[in-house]
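What follows is each chain in one-letter form.
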Amino acid sequence: MRAERSTAAPAVVRLESYDRSEIFGDAADPFGVDAWGLVWLPKEHHFGIRADGRLLAHAGLLVLPLSVGGSRMDVVGLGGVAVAPDQRGRGLAARVVGGALQHARTLGPAFAMLFCRPDVSGLYERLGWNEVAGEVRVEQPDGPAPMPLRTMWFPLQEGSRWPEGPVRLHSRPM
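Once a new chain begins, its residue numbering starts again from 1 and follows that chain's sequence as written. Selection of residues for local features in this predicted model requires a pLDDT of at least 70, selection of side-chain atom pairs for listing and counting requires 80 or more, and totals for whole chains, interfaces and linings are taken over all residues. Values reported for side chains reflect all heavy atoms of the structure, with hydrogen atoms and water molecules removed beforehand.

Some words on the pattern of salt bridges
And then number 1: Salt-bridge detection follows one rule: a side-chain nitrogen of Lys or Arg within 4 Å of a carboxyl oxygen of Asp or Glu. For the structure shown, the criterion picks out 6 salt bridges.
And then number 2: Residue Asp86 is joined to Arg54 by a salt bridge in which the shortest nitrogen-to-oxygen separation is 2.7 Å. One end of the pair, Asp86, is in the loop between strand 4 (71-83) and helix 2 (92-104); the other, Arg54, is in strand 3 (residues 54-68), with 32 residues separating them in the sequence.
And then number 3: With relative accessibility at 52%, the residue Asp86 sits in the exposed group.
And then number 4: When a residue's accessible area, from a 1.4 Å probe over protein chains only, is under 20% of the maximum for its type it is buried; when over 50% it is exposed; and in between it is partly exposed. The exposure class of Arg54 is partly exposed, given its relative accessible area of 32%. Each helix is a run of H or I in the DSSP string that is no shorter than four residues. Each strand is a run of E no shorter than two, and both are numbered from the N terminus.

And the structure:
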């Protein structure tokens, strides 16, 4: 009798930590954002997809303070979304983001938010994310700075609608 390999897709699991070199090796700028010179926060909650002991995809979360139109609230920041280059095009980004968002719903805030390059925003739009209109300012070592990347939001609670007004993240981005 021979052993059969499972054809089931690997599950999204909670990770204790995340080392981006597991996915990208020693790539200098794996997310393509270093040119903007931003300082980022590490994530607190990590989710991944592993197969045969290898990390194939990752997404991280962090609860952050924000104000929109002068009203303060918290958001769940999604960041560090990564899929191993040889695994792209298999739906792993959608699965790992979906798993992370399931957990994000348990953290309390009504919204999740992310920053991304314009060339990948279509993926997030297909997953139900919406673009934030207008300038978004984030904390940096020299004070508040405009976010040069696209900012997107996702409702974590039924019926949540993004408020109108200027957006200010009262922390470094995630």
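Additional details are given in the paragraphs that follow.
Observations regarding the pairing of strand 3
A regular strand places its side chains on the two faces of the sheet in alternate fashion.
And then number 1: With 12 of its 15 residues buried, strand 3 lies for the most part within the structure.
And then number 2: We treat two strands as partners when DSSP finds at least two bridges between them. Inspection of the sheet shows strand 2 (residues 45-51) paired to strand 3 by 7 bridges, in the antiparallel sense. Residue pairing in the sheet places Ala51 in a bridge with Arg54 of strand 3.
And then number 3: If you look at the hairpin formed by strand 2 and strand 3, you'll find 2 residues sitting between the two strands, and Asp52 has a positive phi there, around 55 degrees.
And then number 4: When strand 3 meets strand 4, the two strands line up antiparallel, connected through 11 bridges. Bridge pairing links Val63 to Val76 in strand 4.

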